[in-house]
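The residues making up each chain are set out below.
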Amino acid sequence: MEFVDVEGVGKVKVRRGAHIRFLTVRVAAGKGVWVTVPRGVSKRQLRDFLVEKRDWILQTGEQMKQYERETGLGIKIGAEIKTKLHVLKIAESEGEKPAYRIEGKYITLWVPRGINLSGVEEIVKKFVLEIYRLECRRLLPERVRLFAEKYGFTYTRLSFRNNVSNWGSCSQDDHICLNIKLMKLPDELIDYVILHELCHTLEKNHSAAFWALVKKVCPDYAAYRKALRAYNTRL
Ligand SMILES: [Zn+2]
């Protein structure tokens, strides 16, 4: 594998190939930083390009690291993932199947020895989702109930879902559904999503009346809405 050293960034993987048409730098969770280089680009041009993109690489790299910490993506044996209520430890076992053991707030996930990295990732992802679901069930029903009581909303049902299309939804019959990946978010953003969905029990669309209601129960909603864009509903 070819690398290029960029001051302040470190080693960047270089990918070349006849099919590559654009000089682009990419950053992805679990994969790090790499640059795709079309034919005919000199070492000097490549370096200048990366120096020019340095701020972007550093900033995006930081976001990716945070994302990896939150989700356990790109995880290795020995790593620890902190969730709202638990600390997950990834360990190797002699067994053939993954298994886990819960001791208070500590959960150890045993991954069969010798499994490849993407195999570990798959197991960890499924596991983290399971923990998110468990923590949602433990933390959110009470939270939703309290907010509903405080502001006088009523809902018919609350359920949790693992989906990518939204953080939450509210049906015509006021059934509120929350995304289990809310567990990735800071508490104030979770509260915003809950309040947003509770407001939909009265206003079914995103009309001015809806946002006025949101503002009443969550005065800082605009800042939360903006902050929410830094997160996504994927794992
Ligand atoms: Zn909405």
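You'll find the protein chain entered in an unreviewed UniProt entry as YgjP-like metallopeptidase domain-containing protein, with Odoribacter laneus YIT 12061 given as the organism.

A. The sheet that holds strand 5 (residues 80–82), seen in detail. Pairing is mixed across the open sheet formed by four strands, whose spatial order is 5-6-8-7. The sheet is open, and its two edges are formed by strand 5 and strand 7 (99–103), each paired on a single side. Here the strands of the sheet are splayed against their neighbours by 20° on average, with no regard to which way each runs. Across three bridges, the pairing between strand 5 and strand 6 (residues 87–93) is antiparallel. Its bridge partner being in strand 6, K82 is matched across the sheet by V87.

B. Structural context of the packing of helix 4 (residues 187–199) against helix 6 (residues 221–228). Close contact between helix 4 and helix 6 brings their axes to 10 Å; oriented N to C, the two are set at 110°. With respect to helix 6, the axis of helix 4 lies roughly perpendicular. Contact residues: helix 4 offers E188, L189 and Y192, while helix 6 offers Y221, Y224, A227 and L228.

C. Local environment of the domain arrangement of the protein chain. Segmentation of the protein chain into domains returns domain 1 (2–71), domain 2 (80–131) and domain 3 (138–228). Spacing between the C-alpha centres of domain 1 and domain 2 amounts to 30 Å.

D. Spatial organisation of the nonpolar core. Counting 37 residues, the largest nonpolar core has C136, L182 and L195 as its most contacted members. Of all the elements, helix 3 (residues 117–151) adds the most residues to this core, at nine residues. Residues in contact with C136, not counting those within four places in the same chain, are F160, L178, I180, L182 and M183. In terms of nonpolar packing, the next biggest core, distinct from the first, is built from eight residues, V6, V25, V37 and L50 among them.

E. The pairing of strand 8 (residues 106–112), seen in detail. Burial along strand 8 is one-sided: the residues I107, L109 and V111 are buried and none of Y106, T108, W110 and P112 is. Direction of pairing for strand 6 relative to strand 8: parallel, over a ladder of seven bridges. Each residue of the ladder has a partner; that of A91, found in strand 8, is W110. The antiparallel hairpin formed by strand 7 and strand 8 contains two residues in its connecting segment, where G104 sits at a positive phi of about 60°.

F. Structural detail: the sheet that holds strand 4 (residues 32–37). The mixed open sheet is built from four strands, whose spatial order is 1-2-4-3. Both outer strands of the open sheet, strand 1 (2–6) and strand 3 (24–28), are each paired with one neighbouring strand and no more. Looking at each pair of strands side by side, their axes are set apart by 35° on average, direction ignored. Where strand 3 lies against strand 4, five bridges are found, and the strand directions are antiparallel. Within strand 4, the residue paired with T24 across the bridge is T36. Sheet strands in contact with helix 1 (residues 43–52) are strand 1, strand 2 (10–16), strand 3 and strand 4, and its direction is about 55° off that of strand 1.

Parameters at a glance
One numbering rule holds for all chains: residues counted from 1, following each sequence as written. Local features in a predicted model are, by the rule used here, given only for residues with pLDDT of at least 70; side-chain atom pairs are given and counted only at 80 or more, and totals for whole chains, interfaces and linings are based on all residues. Here, a strand pair is defined by DSSP locating no fewer than two bridges between the strands. The helix and strand labels rest on DSSP assignments: H or I over at least four residues marks a helix, E over at least two residues marks a strand, and numbering proceeds from the N terminus. Structural elements are reduced to axes, namely lines fitted to C-alpha atoms, with helices fitted over the stretch in contact, and the angle between N-to-C directions of any two is expressed from 0 to 180 degrees. Oblique is the label for any angle not under 35 degrees, not over 145, and not in the 65 to 115 range, which are roughly parallel, roughly antiparallel and roughly perpendicular in turn. C-beta atoms are first placed from the backbone for all residues, and any pair lying within 7 Å is then listed as a contact. How far each domain reaches was decided by an automatic or database domain assignment. Note on terminology: a nonpolar core is a set of buried residues of type Ala, Val, Leu, Ile, Met, Phe, Trp, Tyr or Cys, with members joined through C-beta atoms within 7 Å. Any residue with 12 or fewer other C-beta atoms within 10 Å of its own C-beta is exposed, any with 20 or more is buried, and the rest are partly exposed; the C-beta atoms used are placed from the backbone.

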